[in-house]
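# Geometric and topological summary
Below, each chain spelled out in residue letters.
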Amino acid sequence: NAGVTQTPKFRILKIGQSMTLQCAQDMNHNYMYWYRQDPGMGLKLIYYSVGAGITDKGEVPNGYNVSRSTTEDFPLRLELAAPSQTSVYFCASRQWGLADEETQYFGPGTRLLVL
Amino acid sequence: AQKITQTQPGMFVQEKEAVTLDCTYDTSDPSYGLFWYKQPSSGEMIFLIYQGSYDQQNATEGRYSLNFQKARKSANLVISASQLGDSAMYFCAMREDIYNQGGKLIFGQGTELSVKP
């Protein structure tokens, strides 16, 4: 199992450009999440999905869009990049139904710089 | 209001000693879970330990234990016998209402732990 994979690892965008951050998991997890982590801060939830075709907003959704057409993939779209979106983006997944930990498994992160 | 509060931005500990990282939380939900993650300088998020709100005993995982005081709404992480490799950022996180909130996590701001040789 590769677990949760994210591409790219690092990207520089100009203001106003758009891009898609890719996230895939091979654990057949129902739930997937996108978080952002600003320097020196904890993670904040952008969007999440409880299954294919179902997405919902998190704490900081403005400026982002998501889709979940398959169980495996959960891409995050930035339409008009702004300097405030400079951050490290983490994708995570977990399986509903585990009795105990229900831990989220995190990808390695994508570092985005908007100039 | 902050749902997860970590009041120690930075901590130092001598190698082989124990250290406690503080975490307090705020929720009115009777069903919740508390997590600790480690983030080394390489950036990945590593799950350490979990405590459910209905668990009667404090969680333990190897050198990690969680000092869960429900009435005080605190969930402190205790690392015993610190090692140099424990130097990292540590995040406390909470998951509320597991049946209706999608299991999303709310994170604290983190505590940076430095282990001295």
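Residues numbered from 1 in each chain as written. Chains lettered and ligands numbered in written order. Predicted model: local features only at pLDDT ≥ 70, side-chain atom pairs only at ≥ 80, totals over all residues. Heavy atoms only, no water.

### So, the state of the cysteines
Residues and elements named next belong to chain A.
- Under the criterion given, the structure shown has 2 disulfides over all chains.
- Paired by a disulfide, cysteine 23 and cysteine 91 hold their sulfur atoms 1.8 Å apart. Of note, the bridge from cysteine 23 to cysteine 91 carries an S-S torsion of about -70° and is left-handed in sense. Taken together, the positions of cysteine 23 in strand 3 (residues 19-25) and cysteine 91 in strand 9 (residues 87-94) put the pair 68 residues apart, joining distant regions of the chain.
- Among the residues examined, cysteine 23 registers a relative accessible area of 2% and is labelled buried. (Disulfide = S-S within 2.5 Å. Helix = DSSP H or I, 4+ residues; strand = E, 2+ residues; numbered from the N terminus. Buried < 20%, exposed > 50% of the residue type's maximum accessible area, 1.4 Å probe, protein only.)

### Some details on the pattern of salt bridges
Residues and elements named next belong to chain B.
- All told, the structure shown has 5 salt bridges over all chains when counted by the stated rule.
- Taking the shortest distance from any N to any O, the salt bridge between glutamate 96 and lysine 3 comes out at 3.1 Å. Remark: lysine 3 occurs in the segment before strand 1 (4-5) and glutamate 96 occurs in strand 10 (residues 88-96); sequence separation between them is 93 residues.
- A residue is classified by how much of its surface remains accessible, and lysine 3, at 33% relative accessible area, is partly exposed. (Salt bridge = Lys/Arg side-chain N within 4 Å of Asp/Glu carboxyl O.)

### Some thoughts on the environment of proline 61 of chain A
Residues and elements named next belong to chain A.
- With respect to the helices and strands, proline 61 occurs in the loop between strand 6 (54-57) and strand 7 (64-66).
- Judged by relative accessible area, which is 13%, proline 61 ranks as buried.
- Setting aside anything within four residues of it in sequence, one finds proline 61 in contact with Ile46 and Tyr47. (Contact = heavy atoms within 4.5 Å.)

### Section: the interface of chain A and chain B
- Contact residues are listed per partner, giving 21 residues for chain A and 20 residues for chain B.
- Summed over both sides, the interface of chain A with chain B buries roughly 1700 Å², with 57% coming from carbon and sulfur.
- Linking chain A with chain B are 0 salt bridges, by the criterion used here.
- For the pair chain A and chain B, the interface holds 3 residue pairs in polar contact (both at pLDDT 80 or more).
- Taken together, the elements giving at least two residues each to the side of chain A that touches chain B come down to strand 4 (31-37), strand 5 (43-51) and strand 9 of chain A.
- By residue class, the composition of the side of chain A that touches chain B is 11 nonpolar, 5 polar and 5 charged. (Buried area = accessible area lost by both parts, 1.4 Å probe. Polar contact = N/O pair within 3.5 Å; in protein donor to acceptor, adjacent residues only side chain to side chain. Nonpolar A, V, L, I, M, F, W, Y, C, P; charged D, E, K, R; others polar.)

### Points about the sheet that holds strand 3 of chain A
All names here are of chain A.
- Pairing is antiparallel across the open sheet formed by 4 strands, whose spatial order is 1-3-8-7. Of all the strands in the sheet, the pair left with one neighbour each is strand 1 (4-7) and strand 7. Taking each pair of neighbouring strands and ignoring which way they run, the sheet shows an average axis angle of 20°.
- With 3 bridges connecting them, strand 3 and strand 8 (residues 76-78) associate as antiparallel partners. Each bridged residue has a counterpart across the sheet, and for threonine 20 the counterpart in strand 8 is arginine 77. (Pairing = 2+ DSSP bridges. Axes fitted to C-alpha atoms, helices over the stretch in contact; angles between N-to-C directions.)

### Quick look at a nonpolar patch on the surface
- Taken together, the side chains of Phe10, Ile12 and Leu115 of chain A define a hydrophobic patch exposed on the protein surface, amounting to about 320 Å² of accessible area.
- Assignment of secondary structure puts isoleucine 12 of chain A in strand 2 (residues 10-13). (Patch = residues over 30% accessible without salt bridge, like charges linked within 9 Å, V, L, I, M, F, W, Y side chains within 5 Å. Areas by Shrake-Rupley, 256 points an atom, 1.4 Å probe, with all protein chains shown as cover.)

### Regarding the side chain of arginine 95 of chain B
- As for its position among the elements, arginine 95 of chain B is in strand 10.
- Within the local environment of arginine 95 of chain B, its side chain forms a polar contact with the side chain of tyrosine 50 of chain B, the two groups lying 3.0 Å apart.

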